[in-house]
Amino acid sequence: MTKVDRRTVLAALGASTLAGCAGPLQIGEGKRDPQGGIGGTGIVGTLTDFGSVIVNGLRVELDGGTRMTGAFGSVSETALALGQSLTIEAATDQDQLVARRIHLTHPVIGRVTGSGRSDGLAFVEGVRVRPEPGMLGSLNAGKRVAVSGVWQGGEVVASRVDQLDNLGASALAGVVGRAPDGSGPTVGPVAIAMDSSLLPPVGSFVTLVWRGGGIGAYPSRIVPNRFFGAAGPLTALSVEGFLDPVPEAPSFTVAGLGHSFDDGAVLGAFRDLRALFSGPYDGTFNVAEGLPLPGDFDARREVSRALLAGGARRGLPVR
């Protein structure tokens, strides 16, 4: 395994090294020193490079104890590909981050039900999917696909689209909500035809799988939670995404995350931006810093490489 400098790891988790770079904005005071104590790190972001895997400017090693999963069960390491949206639970081992679990977190898996617009916008099982500049793969009507990306409001901004066999299950991964008229539960923009008491509480992350019937019907499998404790109790988060407004303090949450910011976070500067948020975690995301990110996949790779190298953010494009 390749050795990782501890200062590089802490930089992307919100310690003083990153605070000194041009670009990161202070958005709140964490309630816990991220350097204090040994605990797990939760990472939610896009795979930008290999060696072992690079996500959010962090190098995460894989070993014989790493468990790899997707919406339909276990997968092999060969399933990993650039642009995929991953959820990682990593433990610290001699100043290295070592993945105990890597989950391929596709916001939606299913058939493309509409495409061909000049702006590239398509629908997958009724979920609006918007390709980001530099998206890997394509959205072709009638094809069954697995979409990687992040939620922004009621749509998915896609970083990668993988073609699948025509026959197979569909899946939806996002945050439980409630229909505006109070008629029932939703996940993302999709109304789910089931008793809300069978789902996690509103605001929680869930993955739903359909092996028959259309997406939104009663699912065949319900998997609550984003993190399963594979690396022990989490003490830090590193999360890529857009913000969604919420009525309670601090007025925003990361779209599709399923974990709330602490009330003291000041997030208005990130209202319309894709960003990397990092900081301590104690059941609440005590976010310490945010770093605006470009909307283009290749540009984000350069940001990630600069963070990994401990370089400054100055000069990298941010949209």
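Given the structure is predicted, the values throughout are model-derived calculations rather than measurements.

Calculation rules
- Residue numbers run consecutively from 1 along every chain, following the written order of its sequence.
- Totals for whole chains, interfaces and linings use every residue, but because this is a predicted model, local features are given only for residues with pLDDT of at least 70 and side-chain atom pairs only at 80 or more, for both listing and counting.
- Each side-chain value is worked out from all heavy atoms of the structure, with water and hydrogens disregarded.
- Per the convention used, a helix needs a DSSP run of H or I reaching at least four residues, while a strand needs a run of E reaching at least two, with both numbered from the N terminus.
- The rule is simple: take the accessible area with a 1.4 Å probe, protein chains only, and divide by the maximum for that residue type; under 20% is buried, over 50% is exposed, in between is partly exposed.
- Each accessible area is a Shrake-Rupley result for a 1.4 Å probe, and residues are judged covered by the shown protein chains and nothing else.
- Geometry of aromatic contacts follows a simple scheme: Phe, Tyr and Trp rings, the Trp one being its six-membered ring, pair when their centres are within 6.5 Å, and the pair is stacked under 30 degrees between planes, edge-to-face over 60, tilted otherwise.
- In this scheme, Lys NZ or Arg CZ marks a charge over a ring once it lies within 6 Å of the ring centre and within 35 degrees of the ring normal.
- Salt bridges are defined by distance alone: a side-chain nitrogen of Lys or Arg within 4 Å of a carboxyl oxygen of Asp or Glu.
- To qualify as a nonpolar core, a set must consist of buried Ala, Val, Leu, Ile, Met, Phe, Trp, Tyr and Cys residues joined through side-chain atoms within 4.5 Å.
- Contacts are residue-level and defined by heavy atoms, with any inter-residue pair within 4.5 Å sufficient.
- Values of pLDDT, ranging from 0 to 100, describe the predictor's confidence in every residue of the model.
- What qualifies as a polar contact is a pair of N or O atoms within 3.5 Å, subject to a donor-acceptor requirement within protein and to the restriction that residues adjacent in sequence count only when both atoms come from side chains.
- To estimate how far a helix should reach, multiply one less than its number of residues by 1.5 Å.
- The pairing criterion for strands is at least two bridges between them, as found by DSSP.

1. Thoughts on the overall build of the chain
- Scanning the chain from terminus to terminus reveals three helices and 23 strands.
- For the chain, the residues scored as buried account for 54% of the 319 residues in total.
- Accessible surface, the chain as shown: approximately 13,000 Å² in total, 50% of it carbon and sulfur.

2. Details of unusual backbone geometry
- Cis geometry marks the peptide bond from G51 to S52; its omega dihedral reads -10°.
- Structurally, S52 can be placed in the loop between β2 (40-50) and β3 (53-55).
- Omega for the bond connecting A249 with P250 falls within 30 degrees of zero, at 5°, which places this linkage in the cis form.
- Non-glycine residue D95 carries a positive phi angle of around 70°.

3. A few points about the packing of aromatic side chains
- Following the criterion strictly, the structure yields three aromatic pairs and no others.
- Their ring planes at 25° and their centres at 5.3 Å tell us that F261 and F285 sit as a pair that is stacked. Of the two residues, F261 sits in the loop between β21 (252-254) and β22 (275-280) while F285 sits in the loop between β22 and β23 (289-292), which places them 24 residues apart along the sequence. Comparing F261 with F285 shows no difference in burial state: the two are buried.
- When the ring centre of F228 is taken as reference, the NZ or CZ atom of R101 above it lies at 4.0 Å.
- Its guanidinium or amino end placed over the ring of F205, R226 lies 4.1 Å from that ring's centre, counting from NZ or CZ.

4. Re the pattern of salt bridges
- In the structure shown here, the tally under the stated rule is twelve salt bridges.
- A salt bridge links R100 to D63, with the nearest nitrogen and oxygen atoms 2.4 Å apart. Within this pair, whereas R100 is found in strand β8 (residues 96-104), its partner D63 is found in the loop between β4 (58-61) and β5 (67-70), the two being separated by 37 residues in sequence.
- For D63, a relative accessible area of 31% corresponds to the partly exposed category.
- Between D162 and R160 there is a salt bridge, with its nearest N and O atoms 2.9 Å apart.

5. As for the nonpolar core
- Ranked by internal contacts, the top residues of the largest apolar core, which has 26 residues, are V108, V124, V129, L139, V147, L172 and I192.
- Among the secondary structure elements, those contributing two or more residues to this core are β9 (108-114), β10 (122-124), β11 (127-136), β12 (144-152), β13 (155-163), β14 (170-178) and β17 (205-210).
- When near neighbours in sequence (up to four residues on either side) are disregarded, V124 contacts V108, I109, G110, R111, V112, T113, V129, L139, V145 and V147.
- Within the second largest apolar cluster, 18 residues are counted, among which are V239, F252, F285 and V287.

6. Quick word on the environment of R301
- Examined against the element boundaries, R301 turns out to sit in helix α3 (residues 297-308).
- Through-space distance from the C-alpha of R301 to that of L82 is 9.9 Å; in sequence the pair is 219 residues apart.
- The residues contacting R301, other than those within four sequence positions of it, are T48, D49 and L82.

7. Details of the side chain of H259
- Following the sequence through the fold, H259 ends up in the loop between β21 and β22.
- The class for H259 is buried, based on a relative accessible area of 16%.

8. Here we look at the confidence of the model for the chain
- Of the residues in the chain, 84% have a pLDDT of 70 or more, and the chain-wide mean is 84.
- Residue range residues 1-37 is modelled with pLDDT below 50. Its contacts to residues more than four positions away, or to other chains, number 96 contacts.
- pLDDT under 50 marks residues 314-319. Its contacts with residues more than four places away, or in other chains, come to 16 contacts.

9. With respect to the environment of S304
- Structurally, S304 can be placed in helix α3.
- Residues S304 and V55, 249 residues apart in the sequence, show an inter-C-alpha distance of 7.3 Å.
- Setting aside anything within four residues of it in sequence, one finds S304 in contact with T48, I54, N56 and G57.

10. Section: the environment of T69
- Residue position: T69 is located in strand β5.
- Residues T69 and A79 lie ten residues apart in sequence; the distance between their C-alpha atoms is 9.6 Å.
- What T69 contacts, discounting residues up to four positions off in sequence, is S74, V75, R101, I102, H103 and L104.
- A polar contact is formed between the side chain of T69 and the side chain of H103, at a distance of 2.7 Å.

11. Here we look at α3
- For α3, spanning twelve residues, the distance from its first C-alpha to its last is 16 Å, which sits close to the expected 16 Å at 1.5 Å a residue.
- For α3, the complete set of buried residues consists of F297, A299, R300, R301, V303, S304, A306, L307 and L308.
- In the segment just after α3, G310 is the residue with positive phi, at about 75°.

12. Overview of the pairing of β4
- Here β4 shows no split at all, with L58 and V60 on one side and R59 and E61 on the other all buried.
- By the bridge criterion, three bridges tie β3 to β4 in an arrangement that is antiparallel. Residue pairing in the sheet places V53 in a bridge with V60 of β4.
- Across two bridges, β4 lies against β8 in parallel orientation. Note that in β8 the partner of E61 across the bridge is V98.

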